[in-house]
Amino acid sequence: MAFFGLIGNDTRMAASTYNGRESATERASRRRRAAHHRSAAKVDREGQAWEDRERRSQDRGGWWRTP
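How would you explain the pattern of salt bridges if you had to name every residue and give the values?
Across all of its chains, the model carries two salt bridges by this definition. A salt bridge links Arg-30 to Glu-22, with the shortest nitrogen-to-oxygen separation between them at 2.8 Å. Classification of Glu-22 as partly exposed rests on a relative accessible area of 35%. For Glu-51, the salt bridge goes to Arg-55, with nearest N and O atoms at 2.7 Å. Taken together, the residues Glu-51 and Arg-55, both in helix H2 (residues 24-60) and four residues apart, mark about one turn of the helix. Residue Glu-51 is classed as partly exposed on the basis of its relative accessible area of 29%.

So, in structure tokens, the structure goes:
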């Protein structure tokens, strides 16, 4: 009969068990967000490098008129 006392109070029990600690779900979501942020920054840098190359190419007059 002790089992039936656990139903419905899992949130309260978890709150006392993990008081002040990060749960596995929170940790996984934080890591996913961090990984996405790193990959977005990498893509931004690659896009900026492409834009800089394209501007240099246009400033020179294109690939067919390289000084």
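Any details on the side chain of Ser-29? Residues and values, ideally.
Along the chain, the position of Ser-29 falls in helix H2. Classification of Ser-29 by relative accessible area gives buried; the value is 19%. A distance of 2.9 Å separates the side chain of Ser-29 from the backbone oxygen of Glu-26, its partner in a polar contact.

The rules behind each value
- Going along each chain's sequence as written, the residues are numbered from 1 onward.
- Under the rules for a predicted model, residues below a pLDDT of 70 receive no local features and side-chain atom pairs below 80 are neither given nor counted, while totals for whole chains, interfaces and linings still include all residues.
- In computing side-chain values, all of the structure's heavy atoms are included and hydrogens and water are not.
- By definition, a salt bridge exists where a carboxyl oxygen of Asp or Glu is found within 4 Å of a side-chain nitrogen of Lys or Arg.
- For every residue, the accessible area (1.4 Å probe, protein chains only) is compared with the maximum for its type, and the residue is labelled buried under 20%, exposed over 50%, or partly exposed between those bounds.
- Runs of H or I in DSSP of at least four residues are treated as helices and runs of E of at least two as strands, each being numbered from the N terminus.
- In the analysis that follows, any N or O atom pair within 3.5 Å is treated as a polar contact, provided that within protein one partner can donate a hydrogen and the other can accept it, and provided that, for residues neighboring in sequence, both atoms belong to side chains.

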